[in-house]
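Breakdown of the fold
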Amino acid sequence: MARQTTRRKLFTDPLLSAFGIAGFVIGVLLFYGLKHRFTSEQWATWVQAVGSVSAIWISLALVQHQISKQQEAERTRDAKNDFRIASFAESVIGEAIESVRATERAQNTWPDAGAGYVFHERPRIQAAQIMIRTLAAEPLFAELIKPVIDMHALLVSVESASEQLVGSGPFKNNSRFASFWTQKNEQLDAIAGSTAAAMDIARRSLPAG
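So, a few notes on the structure that sits alongside this text. What you are looking at is a predicted structure, and each value in this text was computed from that prediction instead of being measured.

1. Quick word on the packing of aromatic side chains
Here the structure, examined in full by the defined rule, presents five aromatic pairs. On the numbers, 5.1 Å between centres and 85° between planes, the contact of W110 with Y117 is edge-to-face. By relative accessible area, W110 is classed as buried at 14%. Residue Y117 is classed as buried on the basis of its relative accessible area, which comes to 1%. Summarising the aromatic geometry, the rings of Y117 and F171 are spaced 5.6 Å apart at their centres and angled 85° between planes, so their arrangement reads as edge-to-face. Placement of Y117 in the loop between α3 (40–108) and α4 (122–136) and of F171 in the loop between α5 (142–165) and α6 (175–204) is noted, with a sequence separation of 54 residues between them. The residues Y117 and F171 share a single accessibility class, namely buried.

2. Comments concerning the nonpolar core
Counting residues in hydrophobic clusters, the biggest one holds 33 residues, and the most contacted among them are I93, V100, I132, L144, M151 and L155. For this core, the elements supplying multiple residues, two or more each, are α3, α4, α5 and α6. When sequence neighbours within four positions are dropped, the list of residues in contact with I93 reads I132, L135, P147, V148, M151, I191 and T195.

3. Considering the layout of surface pockets
Space inside the largest pocket adds up to approximately 240 Å³. What lines the largest pocket is a set of 14 residues, and nearest its centre among them are A161, Q164, L165, R176 and F177. Counting residues per element, the ones that place at least two in the lining of the largest pocket are α5 and α6.

4. Here we look at the environment of S194
The residue S194 is located in helix α6 in this model. With a relative accessible area of 27%, S194 lands in the partly exposed category. Expressed as a C-alpha distance, the spacing of S194 and L144, which sit 50 residues apart in the sequence, is 7.7 Å. Those residues in contact with S194 that lie beyond four places of it in its chain are E143 and P147.

Parameters at a glance
- Residues numbered from 1 in each chain as written.
- Predicted model: local features only at pLDDT ≥ 70, side-chain atom pairs only at ≥ 80, totals over all residues.
- Heavy atoms only, no water.
- Phe/Tyr/Trp six-rings, centres within 6.5 Å; stacked < 30°, edge-to-face > 60°.
- Buried < 20%, exposed > 50% of the residue type's maximum accessible area, 1.4 Å probe, protein only.
- Helix = DSSP H or I, 4+ residues; strand = E, 2+ residues; numbered from the N terminus.
- Core = buried A, V, L, I, M, F, W, Y, C linked by side-chain atoms within 4.5 Å.
- Contact = heavy atoms within 4.5 Å.
- 1 Å grid on protein atoms, 1.4 Å probe; cavity = no way out; pocket = protein on both sides within 12 Å on 5 of 7 lines; lining within 4 Å.
- Points joined across faces, edges and corners; volume = space filled by probe spheres on them.

Written as structure tokens, this is what we have:
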């Protein structure tokens, strides 16, 4: 495995390739010169020619090597930034999902008797909306855009539907209420899944080590 990695690096790194080819050419020159018994003038001519070409070749390879290193550094920086944003998104969407779950639990357990339903979870739902809008202002990579948009739409839907329930209740035997939460839970599962997939892509794009 280590030998294969070294070979791959030799052929893909322009600087290593240039040194490798220059070394090979010099080796061929030494073999040919010794075999044909070059004179000192012939050695001087060939060494100067090979040296000049090798110097130009290595100089060009060095420039390409520096460009490659800069591009690699930029890719690493972009990958780390994507992972930072994905981690932030995972945290924000996770809190938003939990705010919706808390709203569902509160409504499902609303007592049969007493005052009508009070939407105590409204501040948490609204705070989640603000955080999602803050997240949307970040330079999101493609896989995060849909779960963020879907999460915001779901929060707005839950807030609107919950406000319509204020003063009424209980909701245990209400088929429309049960259907609403079945749909919202399916949407939550889809959002959680797409967020996890985006996080996995961001994690895998990080450089090794």
